[in-house]
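# Descriptive structure summary
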Amino acid sequence: MPKRILVPVCLALLTACSQHGGDNSAAPTGDDSLTVEVMLRTTPVLDQGDSDMCWLYAMLATIETEHIMRGDSIHLSPAYVARQFLAEQARAQYASGGKHRVNRRGMMTLTPRLLDLYGAMPYTSYRGYDNISYDALSAQLQRTADRCLAQHTGIARLDDDTQQILETTIGPAPLWVFMLGCQYTPREFAHSVCRPGEYVALTSFTHHPFGAPCVLEVPDNTAHDIFINVPLDSMMHYVEHALRSGHPVCWEGDITDDGFDAERGNARLTGTPSKVTQQQRQHDFDEGATTDDHNMAIVGIARSKDGRKHFICKNSWGDNARRGFIMMDENYARLRTVAVMMAAEALPAADHFAAMQPTPLDDLPDIGY
């Protein structure tokens, strides 16, 4: 077994690092008279710009809050992981003979893999340049890979050219993480904040057996990542249990619904007063009404005057009427969630899920909310 290196994580949480500062420990409920029941501490809201990498921002935000709630104040750099991912994409385009094009989309499950492979950087060490045009950067990387293919220069030359482009557009990346007078590699630092297998992904669809692992059939699951399929009520129980136990949840789902209003900070299902059922959820997924569009970190629970439960989601689109947060009502979450990801220790049956083995439905615990 390889030696496990733990890096002491006690970076100061500086709001000055954020594009949108302020204390996010208080829930931004606006004027809706929502009563906050749970609000986990977070790092400042960031703006992903045109990067299309909400999956990265949301999962890093989830990891940050997980550690903050444990007493470790960390703030991770999306720019560093994005840089490594884009270099990987350029290599994939070259290796596939140009069939694979540079693509910035993915699922939240991709983030832990990238951290394991390439490491991580504190935000204060590698913020990246402001106003990066990822559209232009991706096009430039594609042209570079095409040129290297046409000239048969080899992957080593492609890597050199790619790194020059990334340094110019995103910024030179540090080789080391310095902390408490010690020096660590980016991978050593990453493994101290996100261990392999630490997070488990859940989904809920009837075209897969409940209690068993499955490969979720959505376009962004290009790595064929595994999700544990559970009944809808169970998935919602696990989300609430995690939050009430001090664990954030990474959310992946649909935001094309008319009830999603990013500027006002609301995600409310309209025209469906009754509780969304497993059958309704499956119907909308099968018909293409629920698609895999966006990721956010769920960091709290609030309740409206009429008793409706809302999940407080940290978005990555900068400021809005709720300081960058979205209030998602429970019915919207039941219908439009594609998958969720949380720390395995947040699950009452963490041993079942971590083993990635089919679990009889009767053995799944009843949380009892």
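Cut-off values and rules
Residues numbered from 1 in each chain as written. Predicted model: local features only at pLDDT ≥ 70, side-chain atom pairs only at ≥ 80, totals over all residues. Heavy atoms only, no water. Core = buried A, V, L, I, M, F, W, Y, C linked by side-chain atoms within 4.5 Å. Buried < 20%, exposed > 50% of the residue type's maximum accessible area, 1.4 Å probe, protein only. Helix = DSSP H or I, 4+ residues; strand = E, 2+ residues; numbered from the N terminus. Contact = heavy atoms within 4.5 Å. 1 Å grid on protein atoms, 1.4 Å probe; cavity = no way out; pocket = protein on both sides within 12 Å on 5 of 7 lines; lining within 4 Å. Points joined across faces, edges and corners; volume = space filled by probe spheres on them. Nonpolar A, V, L, I, M, F, W, Y, C, P; charged D, E, K, R; others polar. Salt bridge = Lys/Arg side-chain N within 4 Å of Asp/Glu carboxyl O.

## Quick word on the nonpolar core
Among the nonpolar cores identified, the biggest contains 53 residues, and Ile63 and Ile170 are the most heavily contacted of them. It is helix H2 (residues 78-95) that contributes the most residues to this core, 7 residues altogether. The residues touching isoleucine 170, leaving out its near neighbours within four places in the chain, are Ala79, Arg83, Leu86, Tyr126, Gly128, Tyr129, Ile132, Tyr134 and Leu137. With 45 residues, the next largest nonpolar core counts Val200, Ala297, Ile312 and Leu335 among its residues.

## Focus on empty space enclosed by the protein
One pass over the full model with this rule turns up 2 cavities of 30 Å³ or more. One number sums up the size of the largest cavity: a volume of about 130 Å³. No other element matches helix H1 (residues 54-70), which puts 5 residues into the lining of the largest cavity. Residue composition of the lining of the largest cavity, by class: 9 nonpolar, 5 polar and 2 charged.

## What about the pattern of salt bridges?
Oppositely charged side chains are able to pair whenever their charged atoms sit close together. The final tally for this structure, using the stated rule, is 27 salt bridges. Aspartate 159 serves as the salt-bridge partner of arginine 91, at 3.5 Å between the closest nitrogen and oxygen. Linking arginine 91 in helix H2 with aspartate 159 in helix H5 (residues 155-169), this pair joins segments that are 68 residues apart in sequence. For arginine 91, a relative accessible area of 23% translates into the label partly exposed. With a closest N to O distance of 3.4 Å, arginine 127 and aspartate 130 form a salt bridge. In this structure arginine 127 comes out as partly exposed when scored by relative accessible area, which is 35%. Because the salt bridges share partners, they merge into one network encompassing Glu37, Glu240, Arg244, Arg303, Lys309 and Glu330.

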